[in-house]
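# Structural features, examined
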Amino acid sequence: MDAADIIKSAKEFGFDKCGIIPVEMMSGYENRLNERMEHFPQTRAKYEDFISFAHLNDDYPWAKSIVICSFWYGRYRIPDNLQGSIAKYYLTDGRRNAESQGFHASVSFENFLKSCGFQTATDRDFGITALRWAAMQAGLGIVRKNNFFYTEKGSYQHLEAFLIDAPLKYIAESKLRPCAETCDLCRKACPTESLDAPYRMCRNTCVSCLTTWDGWDLRAEPLQSKFGKWIFGCDACQDACPYNKNAWKTEQEFPGLEELSKHLTWEKIVLSDYDWLESVLQPKLWYIPKGKVWRYKTNALNAMLNNYNESYLPVIQKACRDERAEVRNMAEWVLMRISTGNK
């Protein structure tokens, strides 16, 4: 089994592009990560563990190469009511959805590598190494000013890496043009100014992070008014990018998304039963853990505040009687902001 055979098989299983690099080609990632932490020292606690991505042999002494693949998720139709509210990546996330094409591509390709006799390791949830750096080194595409990885089909790419114990190399060819020096559309589109310069983003102030991993008490979050309609993730910098113009094709239906979308209005989320949140919504939008599913409600309440109309009032008032104190406190705070005109 040579490198070209692996690339061919990856594409047959459903990946869009594939390359192979020696694990040593990850070493440069450490310098980039240190540069980011030096500029944003407040992010050091969250980034320091990622240094291990540049030293894969410390954890996987047998690993010789990284097979890095891209799966294009810009093929799926996004229901109108979810546009600009939940990021497209999470709506079409196949990492844990056994019915999705992306999941089948990942599992089938991993099993193929094992059947070929390779020792293999991957992390389907979060990536076994720095995926964008690996994909760039493998020639699959480039990172643009908004920090997202692009192929010829734009930035709507899910990346996945597989370690193998064979010394192989296959660098793909990319002829993508770099961003125009004068273009700053992504920076201007960033709601919280998290993108403060080309190729530089502070994850502590990114809407996508503040509506998933962080921002647990939005009453104390100074940036909450800038979230706009976003309740889980954010696509602003990607949607503003000229290289994503017409990149989303809406060619296919993502499994279960159309039906789920009927339950994802802000009002329905706020009034949702907690059993439903844990059994249906959390497995879909799983960056919020099961023990904190009330967070979907507080995010939706924040969106109601930022985009207030009077039809939301009965829902907000009912949320003041929610079984969770976090939701009650948020709803009461929202009512106070509305009554004082301080939206």
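For the structure, check the block above.
Below you will find a few notes about this structure. Because the structure is predicted, anything quoted here is derived from the model rather than measured.

## Remarks on the pairing of strand β2 (residues 65-72)
Most of β2 sits out of view: eight of its eight residues are buried. Across the two faces of β2 the burial is the same, with S65, V67, C69 and F71 and I66, I68, S70 and W72 all buried. Here strand β1 (residues 17-22) runs beside β2; their pairing, made up of six bridges, is antiparallel. By the bridge assignment for β2, K17 is matched with S70.

## Notes on the packing of aromatic side chains
Centre-to-centre distance and the angle between the planes together describe a pair of aromatic rings. One pass over the structure, following the stated rule, counts 27 aromatic pairs. Residues W216 and W294 carry aromatic rings whose centres are separated by 6.0 Å and whose planes lie at 65° to one another, so their mutual orientation is edge-to-face. One end of the pair, W216, is in the loop between α9 (207-210) and α10 (236-239); the other, W294, is in helix α14 (residues 294-306), and 78 residues separate them in sequence. Here W216 falls in the partly exposed class, since its relative accessible area comes to 27%. The buried category is assigned to W294, whose relative accessible area is 7%. Among the aromatic residues, those joined into a cluster by ring pairs are Y73, Y89, Y90, F126, Y156, W213, F232, W248, W286, Y287 and Y296. Over the aromatic face of F103 sits the side chain of R124, whose NZ or CZ is 5.8 Å from the ring centroid.

## Here's the deal with the pattern of salt bridges
Overall, the coordinates contain 22 salt bridges when judged by the stated rule. Across the salt bridge formed by R96 and D125, the nearest N and O atoms sit 2.8 Å from each other. Placement of R96 in the loop between α5 (88-91) and α6 (101-115) and of D125 in the loop between β3 (120-122) and α7 (131-137) is noted, with a sequence separation of 29 residues between them. Looking at R96, the relative accessible area reads 46%, which means it is partly exposed. The partner of R203 in a salt bridge is D214, and the shortest N-O contact between them spans 2.5 Å. Taken as a pair, R203 in the loop between β8 (200-201) and α9 and D214 in the loop between α9 and α10 lie far apart in primary sequence, eleven residues in all. For R203, a relative accessible area of 11% gives the class buried. Each member of the salt-bridge network shares a partner with another, and the members are E110, K114, R124 and E160.

## Observations regarding a negative patch on the surface
Residues D273, D275, E278 and E323 make up a contiguous surface patch of negative charge. If you trace the backbone, E278 turns up in helix α13 (residues 274-284). Relative accessible area serves as the criterion here: at 33%, E278 is assigned to the partly exposed category.

## Section: the environment of Y296
Its place among the elements puts Y296 in helix α14. The exposure class assigned to Y296 is buried, which follows from its relative accessible area of 4%. For the pair Y296 and T212, spaced 84 residues apart in the sequence, the C-alpha separation amounts to 9.1 Å.

Criteria and cut-off values
Residues numbered from 1 in each chain as written. Predicted model: local features only at pLDDT ≥ 70, side-chain atom pairs only at ≥ 80, totals over all residues. Heavy atoms only, no water. Buried < 20%, exposed > 50% of the residue type's maximum accessible area, 1.4 Å probe, protein only. Helix = DSSP H or I, 4+ residues; strand = E, 2+ residues; numbered from the N terminus. Pairing = 2+ DSSP bridges. Phe/Tyr/Trp six-rings, centres within 6.5 Å; stacked < 30°, edge-to-face > 60°. Lys NZ or Arg CZ within 6 Å of the ring centre and 35° of its normal. Salt bridge = Lys/Arg side-chain N within 4 Å of Asp/Glu carboxyl O. Patch = residues over 30% accessible without salt bridge, like charges linked within 9 Å, V, L, I, M, F, W, Y side chains within 5 Å. Areas by Shrake-Rupley, 256 points an atom, 1.4 Å probe, with all protein chains shown as cover. Lys, Arg positive; Asp, Glu negative; His and termini not counted. Charge placed at Lys NZ, Arg CZ, Asp CG, Glu CD.

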